[in-house]
Amino acid sequence: MQVKRIAILFSGNGSNLEALINALHNKCFCASDLQNLQNLEAQEFLISGITNAFVECDCVGGGLKEGDLKEGAFQKDAFQKDAFKVEVVLALSNKKDAYGLVRAKNLGIKTQVLGSVAFKDRAEFDRELVLILKPLELDLCVLAGFMRILTPIFTNSIKAVNIHPSLLPLFKGANGMMESYQSQMKLGGVSVHYVSDELDSGEIIAQGVLVKKQKESLESYEARIHKLEHYLYPLAVLEVLWKQ
């Protein structure tokens, strides 16, 4: 069985970090194009860009666990050749006081701090970051609230994805969620995209859309955006890993 190695980079609270670890770490997955393999949580969202449903399978035998899906929905053997295991090999923060470090340690993930304030410029920081990540032989680097604009030194060396709390290409940057909330648009959402050296401008992998509620508070909107992020991001990561 293939093992897909990922590292997660973050800067703050780490809620997406924790969701990714809980959904993916040390678990094995099989892919399916069956339309009825959907988490009930997704019914309040519209998801685009995810072409496969993923079900957790037995890491030893490659087959599905008993009761994972309704009997007769598919032939189990058809999934074994596509099974792969995901390992989160590192959670790295550029801030030593990021609460995500506590979350990762509590979940048994190796952590590291590379303090960005110690470097004179972005290029110097990115060189050191690449030196840390390259030996890990990653299949994918996953940014989860990593508040750094990365240079070509990183983007030309490391394959990475990011999640942004707006429907890109609208509302790029650190205030994307607030600008989306305050806009006259009737829809909001999140985007998962490949990381490029231009802020929030890499190729879009998947998007999730939600309908704004009339007179909804920022707190309510933010909570629903986070729920959508926690649902969509693991699916998008699996999609990228499966296609490699």
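Residues numbered from 1 in each chain as written. Predicted model: local features only at pLDDT ≥ 70, side-chain atom pairs only at ≥ 80, totals over all residues. Heavy atoms only, no water.

1. Remarks on the overall build of the chain
And step 1. Secondary structure summary: the chain contains 7 helices and 10 strands in total.
And step 2. Within the span of the chain, comprising 244 residues, buried residues form 47% of the whole.
And step 3. On the chain, roughly 12,500 Å² of surface is accessible, and the fraction owed to carbon and sulfur atoms is 49%. (Helix = DSSP H or I, 4+ residues; strand = E, 2+ residues; numbered from the N terminus. Buried < 20%, exposed > 50% of the residue type's maximum accessible area, 1.4 Å probe, protein only. Areas by Shrake-Rupley, 256 points an atom, 1.4 Å probe, with all protein chains shown as cover.)

2. A look at the nonpolar core
When a protein is soluble and globular, its nonpolar side chains tend to lie buried together.
And step 1. Of all hydrophobic cores here, the largest spans 40 residues; its most connected members are Val142 and Tyr233.
And step 2. Those residues within four positions of valine 142 in sequence are excluded, and the remaining contacts are Ile6, Ala7, Ile8, Leu9, Leu20, Val161, Tyr233 and Val237.
And step 3. In this structure, Leu92, Ile132, Leu136 and Leu150 belong to the second largest nonpolar core, which totals 20 residues. (Core = buried A, V, L, I, M, F, W, Y, C linked by side-chain atoms within 4.5 Å. Contact = heavy atoms within 4.5 Å.)

3. Some details on the pairing of strand E2 (residues 27-32)
And step 1. Most of E2 is tucked away, with 5 of its 6 residues classed as buried.
And step 2. As judged from the 3 bridges shared by E2 and strand E5 (residues 84-93), these two strands associate in the antiparallel manner. Bridging from a neighbouring strand, lysine 27 pairs with valine 86 of E5.
And step 3. Inspection of the sheet shows E2 paired to strand E4 (residues 53-57) by 5 bridges, in the antiparallel sense. Paired with serine 32 across the two strands is alanine 53, which belongs to E4. (Pairing = 2+ DSSP bridges.)

4. Description of the pattern of salt bridges
And step 1. Under the criterion given, the structure shown has 4 salt bridges.
And step 2. Note that arginine 103 and glutamate 18 form a salt bridge whose closest N and O atoms lie 2.8 Å from each other. With arginine 103 in helix H3 (residues 100-106) and glutamate 18 in helix H1 (residues 15-24), this residue pair connects regions lying 85 residues apart in the sequence.
And step 3. For arginine 103, a relative accessible area of 14% translates into the label buried.
And step 4. Of the residues examined, glutamate 18 reaches a relative accessible area of 27% and is grouped as partly exposed. (Salt bridge = Lys/Arg side-chain N within 4 Å of Asp/Glu carboxyl O.)

5. Examining the pairing of strand E7 (residues 140-143)
And step 1. With burial as the criterion, each face of E7 is covered, one bearing Leu140 and Val142 and the other bearing Cys141 and Leu143.
And step 2. Two strands pair when backbone bridges link them, and strand E1 (residues 2-10) and E7 are joined in this way by 4 bridges, in the parallel orientation. Paired with isoleucine 8 across the strands is valine 142, a residue of E7.
And step 3. The pairing of E7 with strand E8 (residues 160-164) spans 3 bridges and is parallel. By the bridge assignment for E8, valine 142 is matched with valine 161.

6. A word on the side chain of glutamate 216
And step 1. With respect to the secondary-structure elements, glutamate 216 resides in the loop between strand E10 (204-211) and helix H7 (218-243).
And step 2. At 3.3 Å, the side chain of glutamate 216 and the backbone nitrogen of tyrosine 221 are in polar contact.
And step 3. In terms of polar contacts, glutamate 216 uses its side chain to reach the side chain of arginine 224, at 2.8 Å.
And step 4. Not counting residues up to four positions away in its chain, the partners in contact with glutamate 216 are Tyr181, Tyr221 and Arg224. (Polar contact = N/O pair within 3.5 Å; in protein donor to acceptor, adjacent residues only side chain to side chain.)

7. What to know about the packing of aromatic side chains
Here a ring pair, both rings aromatic, is described through the centre-centre distance and the interplanar angle of the planes.
And step 1. Inspection of the entire model under this criterion finds 5 aromatic pairs.
And step 2. Their ring planes at 45° and their centres at 6.4 Å tell us that phenylalanine 29 and phenylalanine 84 sit as a pair that is tilted. With phenylalanine 29 in strand E2 and phenylalanine 84 in strand E5, the pair connects residues that are 55 residues apart, well separated along the chain.
And step 3. Residue class for phenylalanine 29 comes out buried when judged on its relative accessible area of 6%.
And step 4. On the basis of relative accessibility, which here comes to 2%, the residue phenylalanine 84 falls in the buried class.
And step 5. Pairing phenylalanine 119 with phenylalanine 125 gives two aromatic rings, centres 5.6 Å apart and planes at 85°, and the pair type is edge-to-face.
And step 6. Of the aromatic side chains, those joined through ring pairs into one cluster are Phe29, Phe54 and Phe84.
And step 7. A cation over an aromatic ring shows up here: arginine 148 above the ring of phenylalanine 125, its NZ or CZ 4.3 Å from the ring centre. (Phe/Tyr/Trp six-rings, centres within 6.5 Å; stacked < 30°, edge-to-face > 60°. Lys NZ or Arg CZ within 6 Å of the ring centre and 35° of its normal.)

8. Points about a nonpolar patch on the surface
And step 1. On the surface, a cluster of nonpolar side chains totalling about 310 Å² of accessible area is made up of Leu170, Met185, Leu187 and Val211.
And step 2. With respect to the secondary-structure elements, leucine 170 resides in the loop between E8 and helix H6 (176-182). (Patch = residues over 30% accessible without salt bridge, like charges linked within 9 Å, V, L, I, M, F, W, Y side chains within 5 Å.)

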